[in-house]
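For reference, the chains in residue letters:
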Amino acid sequence: MNTGGIILVVGSLLGATSAFIWLALKLSRASTVPPRTLSSQPKPTDTIASLAKEDVEHIFNNEFREELRNRGRLHFEKIIGENAMFLQQDLRETTTQLNEYMRAEITRTLQEEFKKYQQSITDAKQLAIDSIEKTITTIEQQRQLLETQMQTQAEAQKAELLARFEKAMASIINHYVVQAIGSQIDISDQLEFILAELENNKQAIIEDIRRGT
Amino acid sequence: MALSKLPLTLISQTEVTHLIRELAGLEDNAIAATVSAKNVPSITKLLAEVAVANGLDINDKTNRQTLKAQLTELQKSAPLIHISFASEPSQLVLEKIIAWLRTNIHAQLLLQVGLEPGIAAGCVLRTPNHVFDMSLRPYLEKQKSYLQRLIQGAIGG
């Protein structure tokens with residue numbers, strides 16, 4: 001129910017109330033109008049007139065007035081009761097409509113709030129997913145970088161170990177050969193080699209001897 | 001003046017020192033022989049060879065003194081070379097080496113022989129200012145790259 005509906009309901013209630021008040025005022029005014037007297041009519045005689053007057057006074061005496069008043073009150077109460085019933089009914093309808101309206105409004109508001117809440121949850125979920133995806137991407141990049149670095153280091157270490165092994169192996173073999181054949185070759189067999197080496201270094205030896213002497 | 005001719009058996013400075021000492025002993029014995037009419041003691045083969053090589057009669061006092069002086073001069077002035085072998089060289093080898101050295105380097109050259117088992121083969125020659133490694137060790141060092149290639153080939157399959 002919108003604002004126009006509410007105004008319409010309230011207007012109808014006010015109209016019913018004003019109609020009820022107008023009716024009550026009219027009835028009370030009718031009860032206060034003086035009864036038509038017989039004196040205005042032509043009187044054949046004074047006795048008759050006085051009897052009539054007396055009769056009129058008898059008819060419109062206090063008891064009769066009280067009875068009329070009671071009847072009017074009853075009628076008034078009946079009308080008030082009927083109007084009260086209508087008013088109650090209208091109020092009930094209005095209350096029902098208001099309840100429905102409030103329920104609808106609350107439901108709508110709650111739905112909107114739930115929708116916003118759901119949207120917030122969805123956004124938060126999306127943010128979390130994005131964050132997780134970014135983290136996963138970063139971790140993957142880091143892993144790849146680390147893998148590359150480790151591979152490079154492993155290759156370098158392997159190459160270094162290999163070079164060290166080759167160098168050490170060459171030295172070991174040299175040492176082994178020297179130790180193995182050191183005491184096995186007769187110097188007499190080496191004489192030719194020694195003389196050849198002396199011949200190769202002859203000039204240097206001469207120069208050094210000259211310098212020394 | 002030092003000796004003009006050195007026998008190949010005279011190799012080291014130590015032997016020269018021994019000869020000088022021997023000559024001094026001979027002189028003392030000669031003096032003693034004149035007093036007590038004893039015979040002059042026999043001389044070592046090396047001293048005899050030195051005397052023969054230089055045409056000197058060792059029984060003559062003047063020759064002995066001359067030889068002693070020449071040997072002393074030789075001890076002072078002869079160039080000395082240190083040579084090391086992996087094992088003890090024979091006398092024949094030393095003579096051949098000293099012969100080559102005296103022919104090609106210096107006529108009065110003396111050797112000081114040492115041992116260096118780590119050189120495996122060949123010799124190491126040390127002149128006053130230089131070391132000539134003529135052993136198998138530098139040869140093997142030179143071949144190290146070839147050996148490394150062989151090892152790399154063995155590792156690489």
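Located above this text is the structure these notes cover.
Below or above, wherever it landed, is the structure these notes cover. Nothing here was measured: the structure is a model prediction, and the numbers come from that model.

1. Focus: the nonpolar core
Residue and element names in this part refer to chain B.
In step 1: Leu-71, Cys-123 and Leu-125 are the most contacted members of the largest nonpolar core, which totals 38 residues.
In step 2: By residue number, the principal contributor to this core is helix α1 (residues 13-36), which donates 4 residues.
In step 3: With near-sequence residues (within four places) excluded, Leu-71 lies in contact with Leu-3, Val-16, Leu-19, Ile-20 and Leu-23.

2. Thoughts on the interface of chain B and chain A
In step 1: Each partner contributes residues to the interface: chain B has 34 residues there, and chain A has 31 residues.
In step 2: Those elements that provide at least two residues to the side of chain B that touches chain A are α4 (91-104), β3 (122-127), β4 (130-135), α5 (136-142) and α6 (144-156) of chain B.
In step 3: The element best represented in the side of chain B that touches chain A is α6(B), accounting for 6 residues.
In step 4: Here the residues of the side of chain B that touches chain A sort into 20 nonpolar, 11 polar and 3 charged.

3. Overview of helix α2 (residues 45-53) of chain B
Residues and elements named next belong to chain B.
In step 1: If you check which residues of α2 are buried, you get Leu-47, Val-50 and Ala-51. Buried residues along α2 cover an arc of 95 degrees about the axis, so they all sit on one side.
In step 2: Just downstream of α2 lies Gly-55, where phi reads positive at about 65 degrees.

4. Some remarks on the environment of B:Ile20
Residue and element names in this part refer to chain B.
In step 1: Along the chain, Ile-20 turns up in helix α1.
In step 2: For Ile-20, a count of 18 C-beta atoms within 10 Å corresponds to the partly exposed category.
In step 3: In this structure, the C-alpha to C-alpha distance between Ile-20 and Arg-64, residues 44 residues apart in sequence, is 9.7 Å.
In step 4: Beyond its immediate chain neighbours, meaning those up to four positions away, Ile-20 contacts Lys-68, Leu-71, Thr-72 and Gln-75.

5. Observations concerning the pairing of β4(B)
Residue and element names in this part refer to chain B.
In step 1: In this structure, β3 lies alongside β4, joined through 6 bridges in antiparallel fashion. Considered in β4, the bridge of Thr-127 is made with His-130.
In step 2: The antiparallel pairing of β3 with β4 creates a hairpin that spans 2 residues between the two strands.

6. Some remarks on the sheet that holds strand β2 (residues 110-115) of chain B
In step 1: The 4 strands are arranged β2-β1-β3-β4 (chain B) in an open sheet whose pairing can be described as mixed. Strands at the two margins of the open sheet, each flanked by one partner only, are β2 and β4 of chain B. For this sheet, the mean angle separating the axes of adjacent strands, direction not counted, is 20 degrees.
In step 2: Contacts between helix α4 (residues 187-200) of chain A and the sheet are confined to β1 (80-85), β3 and β4 of chain B, with β3(B) contributing the most and set at about 45 degrees to the helix.

Procedures and definitions
Going along each chain's sequence as written, the residues are numbered from 1 onward. Chains and ligands are labelled by the order in which they are written, letters from A for the one and numbers from 1 for the other. Only residues with pLDDT of at least 70 are given local features in this predicted model, and only at 80 or more are side-chain atom pairs given and counted; all residues enter the totals for whole chains, interfaces and linings. Buried Ala, Val, Leu, Ile, Met, Phe, Trp, Tyr and Cys residues form a nonpolar core when they are connected through C-beta atoms within 7 Å. For the exposure call, what matters is how many other C-beta atoms sit within 10 Å of a residue's own: 20 or more marks it buried, 12 or fewer exposed, and in between partly exposed, using C-beta atoms placed from the backbone. Each helix is a run of H or I in the DSSP string that is no shorter than four residues. Each strand is a run of E no shorter than two, and both are numbered from the N terminus. Note on contacts: each residue gets a C-beta atom placed from the backbone, and two residues are in contact if those atoms are within 7 Å. Amino acid classes used here: Ala, Val, Leu, Ile, Met, Phe, Trp, Tyr, Cys and Pro are nonpolar; Asp, Glu, Lys and Arg are charged; the rest, including Gly, are polar. Directions drawn from the helix axis to the C-beta atoms are what define this arc. Strand pairing follows a simple DSSP-based rule, namely that at least 2 bridges must link the two strands. Under this scheme, a helix contributes an axis fitted over its contacting stretch, all axes are lines through C-alpha atoms, and angles between N-to-C directions fall in the 0 to 180 degree range.

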